[in-house]
Amino acid sequence: MSFDIQPSSAPTSEADRTAKLRDPGFGRVFTDHMSIVRYNQAKGWHDARVEARANFPLDPALAVLHYAQEIFEGLKAYKREDGGVNLFRPDANARRFHNSADRMAMAPVPEAIFTEAVEQLVRIDRAWIPGGEGSLYLRPFMIASEVFLGVKPSAEYIFAVIASPVGSYFKGGPAPVSIWVSENYTRAAVGGTGAVKCGGNYAASLRAQAEAIEHGCDQVVFLDALERKYVEELGGMNVFFVFEDGSLSTPPLGTILPGITRDSIIALARDAGTVVREEAYSIDQWRADAKSGRLKEAFACGTAAVISPIGKVRSASGDVLINGGEAGPVAMGLRKQLVDIQYGRAPDPHNWIRKVL
């Protein structure tokens, strides 16, 4: 599918863009354009365009507003030292987006259309990609756009990609985070939508995240819905454990998001000969292993932060320090290895990088 490229008639001036890129934060500043493709049952996917970023006209009876058929992705574009631009594993995001659409009874976006929409937006807004450890965060998303009231899959959809320049997630280097163990709320259950990147999952996590903040923590970690004992994931990140024998463990897939950063960490660790287990791990075992010294590190991972060391675990049962509350060498080593691949500073043994420019 070819995209009709319609550059903005009023792009941000170079001076204003430079000012915004000095300290863009995360998800607060947006580029000049967006990619958009529409779907209906008669035409399929059609009218692919790159155009000036603008509001959508929303009918009050739009299906997404009432029945929450909505999915999204998150990936980044990185500026190489030679001035070119890398995407990191966009094919994996396209596959996960397809799987999310299938679970939510939405029209799947062909992977080629997904990737082209992302690449075209990066090309037209390349000037918005920060240098250094900054990047361009890309947000593909799809909403049900049929106007009706009734519980059924929508017959119409809008697929779009917007972009936001972001600085380094951590100023001064990754700082260990504290997490709160949620004992009142769960995020997902077998047969549910835990493995889907849909807005409802995140909305359901917000009350638990607020509880974490009330207890002085940065993030919340959820336990399984059935037994309320096994660690699943944080509000927006997967989690790993590092043991004294050098092995790693991470919760198994099924009710958690199949994170692309998670998958990349597993591959890099195994490349180095590290044993990585995908297995259930209870919160009680986590506490016991941290106190005995068997557990050396714990860290969370995701697209935004890459890897965040976990320094403290708080709950109604008390607090537990991990690695003395400090960042550990395994987490930081994996983080550097992954970031160097993303920016093109290190070899790419798995062909994860897609050069856009």
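Please refer to the structure higher up on the page.
Residues numbered from 1 in each chain as written. Predicted model: local features only at pLDDT ≥ 70, side-chain atom pairs only at ≥ 80, totals over all residues. Heavy atoms only, no water.

Structural notes on the packing of helix α6 (residues 260-271) against helix α8 (residues 329-342)
- Two elements in contact, α6 and α8, have axes whose closest approach is 11 Å; the angle formed by their N-to-C orientations is 110°. As judged from the angle between their axes, α6 and α8 are roughly perpendicular. Across from Thr 261, Ser 264, Ile 265, Leu 268 and Ala 269 in α6, the residues of α8 making contact are Leu 334, Gln 337, Leu 338 and Ile 341.
- Of the residues belonging to the contact of α6 with α8, the class tally is six nonpolar, three polar and no charged. (Axes fitted to C-alpha atoms, helices over the stretch in contact; angles between N-to-C directions. Helix = DSSP H or I, 4+ residues; strand = E, 2+ residues; numbered from the N terminus. Parallel < 35°, antiparallel > 145°, perpendicular 65-115°, else oblique. Contact = heavy atoms within 4.5 Å. Nonpolar A, V, L, I, M, F, W, Y, C, P; charged D, E, K, R; others polar.)

Some thoughts on the pattern of salt bridges
- Evaluation of the coordinates by the stated rule reveals 20 salt bridges.
- Linking Asp 47 and Arg 49 is a salt bridge whose minimum nitrogen-to-oxygen distance equals 3.1 Å.
- Each of Glu 133, Lys 336, Asp 340 and Arg 345 takes part in one network of salt bridges that share partners. (Salt bridge = Lys/Arg side-chain N within 4 Å of Asp/Glu carboxyl O.)

A look at the packing of helix α3 (residues 90-103) against helix α4 (residues 111-124)
- Two elements in contact, α3 and α4, have axes whose closest approach is 9 Å; the angle formed by their N-to-C orientations is 130°. Considered as vectors, α3 and α4 are oriented oblique to each other. Remark: the crossing between α3 and α4 carries right-handed chirality. Across the interface between the two elements, Pro 90, Asn 93, Ala 94, Arg 95 and Phe 97 of α3 pack against Glu 111, Phe 114 and Thr 115 of α4. (Left-handed = near helix turned anticlockwise from the far one by under 90°.)

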